[in-house]
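Descriptive structure summary
Each chain, letter by letter, is given below.
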Amino acid sequence: MKRLALRTGVRWKISIAIAAVGALIAVALSLVVHNAARVSMIENAREVQLERLLGAQRFYEATSMQKGGPKFGAKLNDPTIPPSLREEVRKNRRATHVEQGADGVPEVWAAVPLAGGDVLSLHTRFADRSATIMDDLDRALIIGSVSVVFGGCALGVLIGGQLSRRLRKAAAAAGRVAQGQTDVRVREAVGGVVRDETDELARAVDALTDALNERIEAERRVTADIAHELRTPVTGLLTAAELLPPGRPTELVRDRAQAMRTLVEDVLEVARLDSASERAELQELPLGEFVSRRIALLDPDVTVRVIHESWVSTDPRRLERILGNLLGNAAKHGSTPVEVSVEGRVVRVRDHGPGFPEELLRDGPSRFRTGSVDRAGHGHGLGLTIAAGQARVLGARLTFRNAAPSGAAEGTGGAIAVLWLPEHAPTVTGSFPVLRMADQRQPSD
């Protein structure tokens, strides 16, 4: 069985910890102060009781020849004297005694020995004023303890909130880096004057990002250089294949040489897209009409349905490249019928094959990473990678999903690629100015 995982924020963890420590300290100090005050007041009551008894003793001895007994509440030979106090008096000592009363209020005794073996004693309850002072002290200690706990919670929320905000900023910046925004600096996103472990984490993430960027750039340069060097021999190979005599072997050589040339061009295109140097040449065009005309040329068997027409500002060459790659992927790895729908700025391409592999749905398209069918030699994983890269140049978003739920029978759903064109043209990326349709000739199909 899985253990129950409780997800709590750093803010509340710190608040609870500070509140718990504050509560323990407050309770301990309250107990110490309460006991010290109680002991001090009882000792003071002992001294007061003894002084009152000594005063009563002097008065009794001075008036011993007169009629009447002790005054001021003192008693002579009181039979209720506690045994421990009586024992001290027998040793000819002045003594006091405190015991807990039946109602919880302390009772104070004092006794002194007299001539002839008599015992003069004084018995009173703990002063009401002293009891009131202790009650007030206890109340103040309780209020102070509660204030410390709430103050600790507030302090924990303040400190934890600041740390939590810094960590959330770092996580958000790291997430943007993971999405491809390699120019984001986590340390700058965290900001702040305080220097703590969050800054060390941010610097480590920035260093990791720089190292990955350098590695990716090195791989991109190597790939582009290799593809560029292959263009000349591949072109020569195609030219030589044209000179071969007609026949089946010649057709096979030409097909393989053309496939190699296509692969080299695709790798170069991926390298250009990765370098972020591509810029879109924008035009305003009716999306539904454009998609219908281009797909009719690319594959007449594909059904196109325009649900809602919309004018968009985009690069028609790059948009056609995206549509061609999506249709090519559907034709190669999916099943008929292939359907295309246009609704506003959204274009959907759906086939009825086995769907996209889980790795692509989870991580997105990647070069030279294909599904199980492709591993038999049916593709290099560049088509969807190029489509996603061209979509980024257009400022669009290309998503992938399967029509059938996970675990459904194969062939029951199909793959769906959705292109979301932006509402505003990506001119901030350095694109060329928008060309109005009225300012240019209508391109021929």
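Source: prediction; values computed, not measured.

For the rest of this paragraph, the subject is the packing of aromatic side chains. For the structure shown, the criterion picks out one aromatic pair. Arranged with centres 5.3 Å apart and planes meeting at 80 degrees, the rings of Phe 356 and Phe 400 form a pair that is edge-to-face. Here Phe 356, found in the loop between strand 9 (346-350) and helix 9 (358-363), pairs with Phe 400, found in strand 10 (residues 397-402); they are 44 residues apart in sequence, far enough to count as distant. As far as burial versus exposure is concerned, Phe 356 and Phe 400 are alike and both buried. The ring of Trp 420 carries the charged tip of Arg 397 above its face, separated from the ring centre by 5.0 Å.

With that settled, consider the UniProt feature "transmembrane region" (unreviewed entry) in the chain. Taking the numbering used here, the UniProt-annotated feature "transmembrane region" (unreviewed entry) corresponds to residues 12-33 and 140-159. This span, residues 12-33, is 100% helix and 0% strand, and a straight line between its end C-alpha atoms measures 31 Å. Between the C-alpha atoms that bound residues 140-159 the distance is 28 Å, and the span itself is 100% helix and 0% strand.

Right, let's get into the sheet that holds strand 6 (residues 303-308). If you walk across this open sheet you meet the five strands as 6-8-9-11-10, and the pairing is mixed. Lying at the two open borders of the sheet, with one neighbouring strand each, are strand 6 and strand 10. Recorded for the sheet is a direction-independent mean angle of 15 degrees between the axes of neighbouring strands.

Paired through backbone hydrogen bonds, the strands of a sheet run either parallel or antiparallel to each other. The strand order across the open sheet built from four strands is 1-4-3-2, with neighbouring strands paired in antiparallel fashion. At either margin of the open sheet sits one strand with a lone partner, and together these are strand 1 (75-76) and strand 2 (95-100). Two elements, strand 2 and strand 3 (residues 106-113), share six bridges in a ladder whose sense is antiparallel. Its bridge partner being in strand 3, Thr 96 is matched across the sheet by Ala 110. In the packing of helix 1 (residues 10-62) onto the sheet, the strands contacted are strand 1, strand 2, strand 3 and strand 4 (119-125), and the crossing angle to strand 3 comes to about 40 degrees. Its contacts with the sheet place helix 2 (residues 83-90) against strand 2, strand 3 and strand 4, and it is angled at close to 20 degrees to strand 3.

Our focus in this paragraph is the environment of Leu 382. Secondary-structure assignment places Leu 382 in the loop between helix 9 and helix 10 (383-393). Distance from Leu 382 to Pro 365, taken between C-alpha atoms, is 8.2 Å for residues 17 residues apart in sequence.

Rules used throughout
- Residues numbered from 1 in each chain as written.
- Predicted model: local features only at pLDDT ≥ 70, side-chain atom pairs only at ≥ 80, totals over all residues.
- Heavy atoms only, no water.
- Phe/Tyr/Trp six-rings, centres within 6.5 Å; stacked < 30°, edge-to-face > 60°.
- Helix = DSSP H or I, 4+ residues; strand = E, 2+ residues; numbered from the N terminus.
- Buried < 20%, exposed > 50% of the residue type's maximum accessible area, 1.4 Å probe, protein only.
- Lys NZ or Arg CZ within 6 Å of the ring centre and 35° of its normal.
- UniProt positions renumbered as here; feature names shortened; annotations may be inferred.
- Pairing = 2+ DSSP bridges.
- Axes fitted to C-alpha atoms, helices over the stretch in contact; angles between N-to-C directions.
- Contact = heavy atoms within 4.5 Å.

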